[in-house]
Amino acid sequence: MEEECITCECIFCKIARGEIPSKKVYEDENYLAFHDIDPQAPVHIIIIPKKHIESLNEVSEDEKGMLGDLIILAKRLAKDLGLEKGYRIVINTGPEGGQAVLHLHLHLLGGREMGWPPG
Ligand code: 5GP
Ligand code: ZN
(Lines give C-alpha, C1' and ligand atoms only; values in the text may rest on other atoms or scores of the structure.)
(Ligands and ions follow the chains in the order given, each with its own letter.)
Protein backbone atom coordinates (compact mmCIF):
# COMPACT_ATOMS: atom_id res chain seq x y z
CA MET A 1 0.00 0.00 0.00
CA GLU A 2 1.13 3.58 -0.58
CA GLU A 3 2.69 5.61 2.19
CA GLU A 4 0.34 7.39 4.53
CA CYS A 5 -0.37 10.97 3.50
CA ILE A 6 2.25 13.23 5.10
CA THR A 7 0.41 16.49 4.55
CA CYS A 8 -3.32 15.67 4.72
CA GLU A 9 -5.12 17.85 7.21
CA CYS A 10 -7.88 15.37 8.02
CA ILE A 11 -8.29 14.30 11.64
CA PHE A 12 -7.60 10.62 11.03
CA CYS A 13 -4.45 11.36 9.01
CA LYS A 14 -3.27 13.50 11.92
CA ILE A 15 -4.00 10.63 14.31
CA ALA A 16 -2.13 8.23 11.98
CA ARG A 17 0.88 10.59 12.02
CA GLY A 18 0.71 10.91 15.82
CA GLU A 19 -0.05 14.64 15.65
CA ILE A 20 -3.35 14.10 17.50
CA PRO A 21 -3.12 11.64 20.40
CA SER A 22 -5.32 8.55 20.42
CA LYS A 23 -5.77 5.43 22.52
CA LYS A 24 -4.38 2.90 20.06
CA VAL A 25 -5.40 -0.74 20.19
CA TYR A 26 -3.56 -1.89 17.05
CA GLU A 27 -1.05 -0.51 14.57
CA ASP A 28 0.96 -1.87 11.68
CA GLU A 29 2.48 -0.41 8.53
CA ASN A 30 -0.86 0.08 6.79
CA TYR A 31 -3.60 0.12 9.43
CA LEU A 32 -4.43 1.73 12.74
CA ALA A 33 -7.18 1.07 15.30
CA PHE A 34 -7.99 3.35 18.23
CA HIS A 35 -10.78 4.07 20.70
CA ASP A 36 -13.48 6.45 19.49
CA ILE A 37 -13.38 9.76 21.37
CA ASP A 38 -17.18 9.69 21.82
CA PRO A 39 -18.02 6.01 22.31
CA GLN A 40 -21.53 4.84 21.38
CA ALA A 41 -21.08 1.46 23.08
CA PRO A 42 -18.85 0.02 25.85
CA VAL A 43 -16.41 -0.98 23.09
CA HIS A 44 -16.17 1.49 20.19
CA ILE A 45 -13.07 1.22 18.04
CA ILE A 46 -12.23 3.11 14.85
CA ILE A 47 -10.20 1.15 12.29
CA ILE A 48 -8.53 3.04 9.43
CA PRO A 49 -6.14 2.49 6.57
CA LYS A 50 -3.22 4.90 7.03
CA LYS A 51 -3.59 5.84 3.39
CA HIS A 52 -6.01 8.75 2.98
CA ILE A 53 -9.11 7.53 1.16
CA GLU A 54 -12.13 9.77 1.54
CA SER A 55 -14.85 7.12 1.80
CA LEU A 56 -15.95 3.68 0.65
CA ASN A 57 -17.03 5.35 -2.60
CA GLU A 58 -13.38 6.12 -3.41
CA VAL A 59 -12.19 2.52 -2.93
CA SER A 60 -11.17 1.06 -6.29
CA GLU A 61 -11.37 -2.55 -7.44
CA ASP A 62 -7.60 -2.75 -6.94
CA GLU A 63 -8.05 -1.91 -3.27
CA LYS A 64 -10.61 -4.57 -2.38
CA GLY A 65 -7.92 -6.51 -0.51
CA MET A 66 -7.64 -3.53 1.83
CA LEU A 67 -11.35 -3.85 2.68
CA GLY A 68 -10.78 -7.51 3.47
CA ASP A 69 -7.84 -6.60 5.69
CA LEU A 70 -9.94 -4.02 7.56
CA ILE A 71 -12.77 -6.48 8.20
CA ILE A 72 -10.46 -9.30 9.25
CA LEU A 73 -8.69 -6.86 11.57
CA ALA A 74 -12.08 -5.88 13.04
CA LYS A 75 -12.88 -9.54 13.66
CA ARG A 76 -9.53 -10.11 15.38
CA LEU A 77 -9.91 -7.03 17.56
CA ALA A 78 -13.46 -8.08 18.49
CA LYS A 79 -12.03 -11.34 19.78
CA ASP A 80 -9.11 -9.65 21.57
CA LEU A 81 -11.50 -7.17 23.21
CA GLY A 82 -13.79 -9.91 24.51
CA LEU A 83 -16.79 -9.41 22.26
CA GLU A 84 -17.72 -13.12 22.26
CA LYS A 85 -21.43 -12.31 22.37
CA GLY A 86 -21.26 -10.33 19.14
CA TYR A 87 -20.45 -6.97 17.70
CA ARG A 88 -21.34 -4.60 14.87
CA ILE A 89 -19.14 -3.23 12.09
CA VAL A 90 -20.32 0.02 10.47
CA ILE A 91 -18.95 2.01 7.52
CA ASN A 92 -20.79 5.31 7.39
CA THR A 93 -20.58 6.68 3.85
CA GLY A 94 -21.57 10.14 2.65
CA PRO A 95 -23.73 12.78 4.34
CA GLU A 96 -26.93 10.72 4.61
CA GLY A 97 -24.85 7.75 5.72
CA GLY A 98 -23.74 9.76 8.75
CA GLN A 99 -20.08 10.12 7.71
CA ALA A 100 -18.53 13.05 9.56
CA VAL A 101 -14.82 12.31 9.08
CA LEU A 102 -13.88 12.08 5.41
CA HIS A 103 -11.27 9.34 5.79
CA LEU A 104 -12.45 5.76 5.27
CA HIS A 105 -13.02 4.02 8.60
CA LEU A 106 -14.81 1.10 10.18
CA HIS A 107 -16.60 1.38 13.49
CA LEU A 108 -16.34 -1.73 15.67
CA LEU A 109 -19.08 -1.57 18.29
CA GLY A 110 -19.96 -4.02 21.03
CA GLY A 111 -20.34 -4.76 24.71
CA ARG A 112 -24.10 -4.15 24.74
CA GLU A 113 -27.19 -5.25 22.83
CA MET A 114 -26.82 -3.23 19.63
CA GLY A 115 -30.48 -3.26 18.55
CA TRP A 116 -31.98 -3.27 15.09
CA PRO A 117 -32.91 -1.21 13.10
CA PRO A 118 -30.12 1.20 14.09
CA GLY A 119 -32.39 4.29 13.92
P1 5GP B 1 -18.27 9.00 11.22
O2 5GP B 1 -19.50 9.73 11.68
O3 5GP B 1 -17.44 9.83 10.28
O4 5GP B 1 -18.57 7.63 10.69
O5 5GP B 1 -17.44 8.72 12.52
C6 5GP B 1 -16.37 9.48 12.93
C7 5GP B 1 -16.04 9.05 14.34
O8 5GP B 1 -14.79 9.59 14.70
C9 5GP B 1 -17.05 9.52 15.40
O10 5GP B 1 -17.58 8.39 16.08
C11 5GP B 1 -16.22 10.43 16.31
O12 5GP B 1 -16.57 10.31 17.66
C13 5GP B 1 -14.81 9.96 16.03
N14 5GP B 1 -13.82 11.00 16.20
C15 5GP B 1 -13.85 12.26 15.68
N16 5GP B 1 -12.77 12.95 16.01
C17 5GP B 1 -12.00 12.10 16.75
C18 5GP B 1 -10.73 12.26 17.41
O19 5GP B 1 -10.08 13.31 17.37
N20 5GP B 1 -10.26 11.19 18.10
C21 5GP B 1 -10.95 10.00 18.16
N22 5GP B 1 -10.39 9.00 18.86
N23 5GP B 1 -12.15 9.83 17.57
C24 5GP B 1 -12.66 10.87 16.87
ZN1 ZN C 1 -7.10 11.30 6.06
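As a starting point, this report considers the structure included with it. (Residues numbered from 1 in each chain as written. Chains lettered and ligands numbered in written order. Predicted model: local features only at pLDDT ≥ 70, side-chain atom pairs only at ≥ 80, totals over all residues. Heavy atoms only, no water.)

**Side note on the site of ligand 1**
Right, so step 1: Near ligand 1 you find 15 residues, and of these Asp36, Gly98, Ala100, His105 and His107 are the closest.
Right, so step 2: One of the backbone N or O atoms of His35 is found 2.9 Å from a nitrogen atom in ligand 1.
Right, so step 3: Contacts to ligand 1 include Asp36, whose side-chain N or O atom sits 2.5 Å from an oxygen atom.
Right, so step 4: Relative to its free-state accessible area of 520 Å², ligand 1 is covered by the protein chains to the extent of 83%.
Right, so step 5: Sorting the residues of the shell around ligand 1 by element identifies α1 (11–16) and β2 (31–35) as the ones contributing at least two each.
Right, so step 6: When residues of the shell around ligand 1 are assigned to their parent elements, the largest contribution, three residues, is made by α1.
Right, so step 7: Of the residues assigned to the shell around ligand 1, the class counts are seven nonpolar, six polar and two charged. (Near = heavy atom within 4 Å. Polar contact = N/O pair within 3.5 Å; in protein donor to acceptor, adjacent residues only side chain to side chain. Areas by Shrake-Rupley, 256 points an atom, 1.4 Å probe, with all protein chains shown as cover. Helix = DSSP H or I, 4+ residues; strand = E, 2+ residues; numbered from the N terminus. Nonpolar A, V, L, I, M, F, W, Y, C, P; charged D, E, K, R; others polar.)

**Quick word on the packing of aromatic side chains**
Right, so step 1: Taken as a whole and judged by the stated rule, the model has one aromatic pair.
Right, so step 2: Taking 5.5 Å as the distance between ring centres and 75 degrees as the angle between the ring planes, the aromatic pair formed by Phe12 and Phe34 counts as edge-to-face. With Phe12 in helix α1 and Phe34 in strand β2, this residue pair connects regions lying 22 residues apart in the sequence. Accessibility assignment for this pair places Phe12 and Phe34 in one class, buried. (Phe/Tyr/Trp six-rings, centres within 6.5 Å; stacked < 30°, edge-to-face > 60°. Buried < 20%, exposed > 50% of the residue type's maximum accessible area, 1.4 Å probe, protein only.)

**As for the nonpolar core**
Right, so step 1: Core analysis: the largest hydrophobic core is formed by 17 residues, its most contacted members being Ile45, Ile47, Met66, Leu70, Leu77, Leu104 and Leu108.
Right, so step 2: Those elements giving two or more residues to this core turn out to be β2, β3 (43–49), α2 (64–80) and β5 (106–110).
Right, so step 3: By residue number, the principal contributor to this core is α2, which donates six residues.
Right, so step 4: Apart from the residues lying within four places of it in its own chain, the contact partners of Leu70 are Tyr31, Ile47, Ile48, Pro49, Leu104 and Leu106. (Core = buried A, V, L, I, M, F, W, Y, C linked by side-chain atoms within 4.5 Å. Contact = heavy atoms within 4.5 Å.)

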